[in-house]
Amino acid sequence: MNRGIVIKSTGSRYRVADEEGNIHECFLRGRFRVSGTRTTNPVAVGDHVTFDPGEGVIVTLLPRRNYIIRRASNLSRESQIIAANIDQAFLVITVKMPATPVEFIDRFLATAEAYRIPAVIIINKTDLYGEEEMARACLIKDVYEKIGYRVMMISATEDMSLAEVGEALRNRITLLSGNSGVGKSTLLNRLNPGLSLKTGSISDYHEQGKHITSFPEMHPVEDGGYVIDTPGIRGFGVIDFDRKEIYHFFPEIFRISSGCRFYNCLHLDEPGCLVREAVANDEIEPWRYRSYISMLLEDNEKYR
Ligand SMILES: Nc1nc2c(ncn2[C@@H]2O[C@H](COP(=O)(O)OP(=O)(O)O)[C@@H](O)[C@H]2O)c(=O)[nH]1
Ligand SMILES: [Mg+2]
Ligand SMILES: [Zn+2]
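Keep in mind that what you see is a predicted model, and the values were worked out from it rather than measured. (Residues numbered from 1 in each chain as written. Chains lettered and ligands numbered in written order. Predicted model: local features only at pLDDT ≥ 70, side-chain atom pairs only at ≥ 80, totals over all residues.)

1. A closer look at the site of ligand 1
In step 1: Of all residues adjacent to ligand 1, which total 19 residues, the nearest are Gly 183, Lys 184, Ser 185, Thr 186 and Thr 199.
In step 2: Mapped by element, the contributors of at least two residues to the shell around ligand 1 are α4 (184-191) and α5 (201-210).
In step 3: A per-element tally of the shell around ligand 1 places α4 first, with 3 residues.
In step 4: Broken down by class, the residue content of the shell around ligand 1 amounts to 3 nonpolar, 12 polar and 4 charged. (Near = placed C-beta within 6 Å. Helix = DSSP H or I, 4+ residues; strand = E, 2+ residues; numbered from the N terminus. Nonpolar A, V, L, I, M, F, W, Y, C, P; charged D, E, K, R; others polar.)

2. Side note on the pairing of strand β1 (residues 2-9)
In step 1: Here β1 pairs with strand β4 (residues 48-52) via 4 bridges, running antiparallel. Bridge pairing in β4 links Asn 2 to Phe 51.
In step 2: With 5 bridges joining them, β1 and strand β2 (residues 13-18) adopt antiparallel strand pairing. Within β2, the residue paired with Gly 4 across the bridge is Asp 18.
In step 3: In textbook terms, the turn of a hairpin is the stretch between consecutive antiparallel strands, and for β1 and β2 this stretch comprises 3 residues, one of which, Gly 11, has a positive phi near 100 degrees. (Pairing = 2+ DSSP bridges.)

3. Description of the confidence of the model for the protein chain
In step 1: When pLDDT is averaged along the protein chain, the result is 88, and 87% of the positions lie at 70 or above.
In step 2: Every residue in residues 202-213 is under pLDDT 50, and counting partners more than four places away or in other chains gives 13 contacts. (pLDDT = per-residue confidence, 0-100. Contact = placed C-beta atoms within 7 Å.)

4. Points about the environment of Asn 41
In step 1: With respect to the secondary-structure elements, Asn 41 resides in the loop between β3 (23-28) and β4.
In step 2: Sequence separation between Asn 41 and Ser 79 is 38 residues; the distance between their C-alpha atoms is 8.4 Å.
In step 3: When near neighbours in sequence (up to four residues on either side) are disregarded, Asn 41 contacts Ser 9, Gly 11, Gln 80 and Ile 81.

The following block contains the structure:
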């Protein structure tokens, strides 16, 4: 029996890379079951498996360190596993063409925190930035670095700081996210010229339409490791936050919250709230607080 990692899944067929990097096309026997999960797909990219290379059959699923899910459909209670065993999540953002809203960044980071997956922010297209946009990019870098996140400023097309990104990807499984058009495919192509992924907003649009029900793919990076591209999937998919816990996933808010007067303070309008005080004193970035409140109130509606 060989050990391998699933690098592509189409629902019924699985592409498995063994420890030498050789590729095997495999399937699951009809009776293959994974106990305790209610998912439409028992095996996902990133899964470690044992398989029989002669028959091309996946025999066992090895324990997962983590996995991320989305609901199979809006009406369904079943969920689909997007990927398993993720080491880190990279969010590609841009200040211009298109401008990524900070609330989008904050939701992504909060979800990564909830999954306990380290997150990194990559600010791309710096070659396009004038003085004003560069100041904005530096402010974003500063705000998130102070919270404790790693932030890189790059240009995928001009080859600026790409070695740093390549280094951070080495020997890890990385989920790559970001709005359409920020340069994810361009970045991956630069890091692994063998990939030749389609780039440009038009092909991207097509891909999103086409792949809505499909599965993500893992691409090898040159010096070892894999990047999971998630066409048509927004970041981590959905997560059902418990509204009382959302602030746990904003590290700088969580750190300060232990000093609030009430142990169950939601940092809305409670007396003796140190979080609001810190926002007023600019110790907490006001946009981060607004993102938190926005998630909190949205959740509120959902649970009413
Ligand atoms: N000027 C500039 N354009 C870029 C950069 N990275 C990507 N682009 C362009 O942005 C568009 C969208 O890139 P793409 O990789 O398809 O974005 P994706 O939707 O995130 O995969 C393409 O026209 C790229 O050539 C960059 O660093 N600088
Ligand atoms: Mg793309
Ligand atoms: Zn408070």
